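# Tertiary structure, described
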Amino acid sequence: MVVSHFLKWIYTAKVSERADDLQRRVIERAAAASALARAYINADLPFEDRCAAEAALTLLLDDASSKVRLAIAEALSMSDHAPLQIISALASDQPEVASLVLARSPLLTDADLIDRVAGGQKATQKLIADRARVSMAVAAAIAEIGEPEACATLLANSGADIASLSFRRIAERHGHLPSMREALISDARLPADCRHMLLIKLGETLKCSPLVLALMGRARAERVMRDACVKACVTLIEGTRQEEHTALIEHLRLRGDLTASFIIRTIAHGKVDFFGSALVALSQQSEQRVRALLAGGHDVALQALFRSVGLAAATHAIILRALKIWREVANGKRLAGVQEVSWLMLKELGGQSAEGDLAGLVKSIHLDALRENARGHALAIAAA
């Protein structure tokens, strides 16, 4: 009976009514619609009254004023018991109305949300990316086709379940944007291979910068950026969990970056776990055997392992020297860092007078370590 009177009242407005009267009636309709919606989801209504209320709310979807539909959306947007057809209609309404439902409603399925992400509207994608909970499937859709703003919102959402593959797609699609690189790199969930991808993208951006090209020239800029990316990748390994090593190694291998010089650089810096993971991936031998050899294997067995992964014989002596020092450090028998290890590796090649590409690589590692240690010393003095 109440619903019946409500519907009759809605349609009693006269064309001759003044504008302020019409505005007042809109406000009253919105308030009544909100009360009806809240009664539907909160009150224990008899079946007939519930059906009548649902019919009235459905009819109100055609109200000329968005304020009425907005009032319904505010009342129903967070309910598990709202009428599905009303939620669906409100989600397709004008942005002011739809935003409440898209951002809140638990009745919208992953399929519903993915369809709306595919619609391509930035505002809609951002609203969905910022929902209290974003499933892995919805996150994947945003990563695959979402605008940069939506992807940034997704990364900032602690309630989003983002798969490693989705991180990679965001990095591939938007990693050239500085703001997106910053958002990705600051995310603790970002896989190590994605971090390396972003380092490469940053290097490519810098080497193509007009300022860099003017100062260095193209050839030198490429060489400097390549060296910088290699050094940054060695640093990246420090923050990479061992279970991520396999993915990072495969990424490096496919890019052609898993070179002998890179492996030598990692062992010089004491990244023995990563070195072991690389040997496992390249030799196809069991992880248990490779780890046992690195921990205490004889030189002959280790050299056979190095040959199996394609490391040239000329590199074996310096790798073995570095490995033995890091073993002693791990066992508490010695204190040493990159500076000392790289110097002893260089001595294996003949010291500072040694020539050739391999000696040049070890010298550069040693000089970098000297500079880094001197910089740290200077900063410590300044802070004292």
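Below is a short write-up of the structure. (Residues numbered from 1 in each chain as written. Predicted model: local features only at pLDDT ≥ 70, side-chain atom pairs only at ≥ 80, totals over all residues. Heavy atoms only, no water.)

## Some details on the packing of aromatic side chains
Tallied over the entire structure, the rule returns 2 aromatic pairs. The interplanar angle of 85° and the centroid separation of 6.2 Å between the aromatic rings of Phe262 and Phe274 together place this pair among those described as edge-to-face. Here Phe262, found in helix H17 (residues 260–268), pairs with Phe274, found in helix H18 (residues 272–283); they are 12 residues apart in sequence, far enough to count as distant. Each ring, one from Phe275 and one from Phe306, has its centre 6.0 Å from the other, and the planes form 55°; the classification is tilted. (Phe/Tyr/Trp six-rings, centres within 6.5 Å; stacked < 30°, edge-to-face > 60°. Helix = DSSP H or I, 4+ residues; strand = E, 2+ residues; numbered from the N terminus.)

## Concerning the pattern of salt bridges
For the coordinates displayed, the defined rule picks out 14 salt bridges. One salt bridge connects Arg189 with Asp187, and the closest N-O pair in it is separated by 2.8 Å. On the accessibility criterion, Arg189 (35% relative accessible area) is partly exposed. Judged by relative accessible area, which is 8%, Asp187 ranks as buried. Linked through salt bridges whose partners overlap, the residues forming this network are Glu144, Arg169 and Glu172. (Salt bridge = Lys/Arg side-chain N within 4 Å of Asp/Glu carboxyl O. Buried < 20%, exposed > 50% of the residue type's maximum accessible area, 1.4 Å probe, protein only.)

## Structural notes on the packing of helix H4 (residues 66–76) against helix H6 (residues 95–104)
How two helices sit against one another is set out by the angle between their axes and by the gap between those axes. At a minimum axis separation of 8 Å, H4 and H6 run at an interaxial angle of 10°. Judged by the angle between their axes, H4 and H6 are roughly parallel. On the side of H4, the interface is formed by Ser66, Arg69, Leu70, Ala73 and Glu74, while H6 contributes Glu96, Val97, Leu100, Val101 and Arg104. Residue composition of the contact of H4 with H6, by class: 5 nonpolar, 1 polar and 4 charged. (Axes fitted to C-alpha atoms, helices over the stretch in contact; angles between N-to-C directions. Parallel < 35°, antiparallel > 145°, perpendicular 65-115°, else oblique. Contact = heavy atoms within 4.5 Å. Nonpolar A, V, L, I, M, F, W, Y, C, P; charged D, E, K, R; others polar.)

## Comments concerning the nonpolar core
The biggest cluster of nonpolar side chains holds 55 residues, and the ones touching the most others in it are Ile142, Leu154 and Leu184. Per-element accounting of this core gives the leading share, 7 residues, to H4. Ignoring sequence-local partners within four residues, the contact set of Ile142 consists of Val117, Gln125, Ile128, Ala129, Ala150, Cys151, Leu154 and Arg173. (Core = buried A, V, L, I, M, F, W, Y, C linked by side-chain atoms within 4.5 Å.)

## Some thoughts on the packing of helix H7 (residues 110–118) against helix H8 (residues 122–129)
For the pair H7 and H8, the least separation of the axes is 8 Å and the interaxial angle reads 145°. For H7 against H8, the interelement crossing comes out left-handed. Taken together, the residues of H8 that come into contact with H7 (itself represented by Leu113, Arg116 and Val117) are Thr124, Gln125 and Ile128. For the contact of H7 with H8, the per-class residue count stands at 3 nonpolar, 2 polar and 1 charged. (Left-handed = near helix turned anticlockwise from the far one by under 90°.)

## Structural notes on helix H5 (residues 84–91)
Buried within H5 we find Ile86, Ile87, Leu90 and Ala91. One face of H5 carries all of its buried residues, which in axial projection span an arc of 135°. Residues of H5 that are buried sit in contact with helix H3 (47–60), H4, H6 and H7. (Arc of directions from axis to C-beta.)

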